Amino acid sequence: MFTKTIVKTPGESYIHGLTTANLGTPIYEKALQQHQAYREALKTCGVEVIVLPPSPEFPDSTFVEDTAVLTSEFAVISNPGAPSRNGEIREMEPVLKNHYEKIYHITAPGTLDGGDVLQVDRHFYIGLSDRTNLEGAEQLQKILQSENYQATIVPLEKFFHLKTGISYLGNRVIVVAGEFVEHPDFREYTKIVVPPEEEYAANCIRVNDYVIIPAGYPQTKQKINEAGYQTIELEMSEFRKLDGGLSCLSLRF
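The shown structure was predicted, so the numbers you read here are calculated from the model rather than taken from an experiment.

Caption draft 1: Empty space enclosed by the protein, seen in detail. With the rule as written, the count across this model stands at one cavity of 30 Å³ or more. Put simply, the largest cavity is a space of about 80 Å³. Leu-18, Asp-60, Phe-63, Asp-66, Arg-85, Arg-131, Phe-160, His-161, Leu-242, Asp-243, Gly-244 and Cys-248 are the residues that line the largest cavity. Here the lining of the largest cavity is composed, by residue class, of five nonpolar, two polar and five charged.

Given below as structure tokens:
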């Protein structure tokens, strides 16, 4: 059960953020509307939503997930792999100090984006990507193991972040797409397989009694509903344009 979430309002500079998506420039006003709907959905899930103000100097900073890895006992401040995003952690650390006494840090030359980290109960999976290098992944692995968690490092082949292609819904159920459908590290789980044409829907988030999913992916929605989960659909077009998904927009704890 989550009780709190941290989100950050997109600044006007958001439209100049980093992207590999090739889907055009975000429409800022529409991004604000979609972000407001996201916050309302989180409230529906029964969590307190802590809203941080925009930071125009950091266009990508609405994607707060990349700045930290949170557990119920401690926080890990990441070291984002994109140099233009590194300053975001300086803003996030004092916020997290309001909620955590124990805070660890990923340090250079290690890099780590929170979007590359998936928690499955007491087991963490850490993706190696363009943004998370082996040094950063191994630093996080050592921190987690010192706190009696398990941690597995997973090299990515195609996905931007680990959580671009996999989500955990609880009860040993995962949503998977692409390279993770037959991946040996996830063989033991019950899988909801996202069809290739709906790959974006693999990034969804379980928040208490609901699974929040992107709108417009009917096959994936049906499979999640048939597995026994209530869903909330949200339009995500303006965040998808900057490689963003539902998990990227919040830190949940």
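Caption draft 2: Quick peek at the sheet that holds strand β5 (residues 103–105). Spatially, three strands are ordered β3-β4-β5 in an open sheet, and the strand pairing comes out mixed. Each edge of the open sheet carries a strand with a single partner, namely β3 (68–70) and β5. Sheet twist, expressed as the average angle between the axes of neighbouring strands with direction ignored, equals 20°. Running at roughly 155° to β5, helix α3 (residues 134–146) makes contact with β3, β4 (75–77) and β5 of the sheet.

Caption draft 3: How the structure looks around the pattern of salt bridges. Applying the stated criterion across every chain yields a total of 14 salt bridges. When the shortest N-O distance is used, the salt bridge between Lys-97 and Glu-93 registers 3.9 Å. Remark: Glu-93 and Lys-97 occur in helix α2 (residues 88–97); sequence separation between them is four residues, near one turn of the helix. The structure contains a network of salt bridges with shared partners spanning Lys-30, Glu-238 and Lys-241.

Definitions and limits used
- Residues numbered from 1 in each chain as written.
- Predicted model: local features only at pLDDT ≥ 70, side-chain atom pairs only at ≥ 80, totals over all residues.
- Heavy atoms only, no water.
- 1 Å grid on protein atoms, 1.4 Å probe; cavity = no way out; pocket = protein on both sides within 12 Å on 5 of 7 lines; lining within 4 Å.
- Points joined across faces, edges and corners; volume = space filled by probe spheres on them.
- Nonpolar A, V, L, I, M, F, W, Y, C, P; charged D, E, K, R; others polar.
- Pairing = 2+ DSSP bridges.
- Helix = DSSP H or I, 4+ residues; strand = E, 2+ residues; numbered from the N terminus.
- Axes fitted to C-alpha atoms, helices over the stretch in contact; angles between N-to-C directions.
- Contact = heavy atoms within 4.5 Å.
- Salt bridge = Lys/Arg side-chain N within 4 Å of Asp/Glu carboxyl O.

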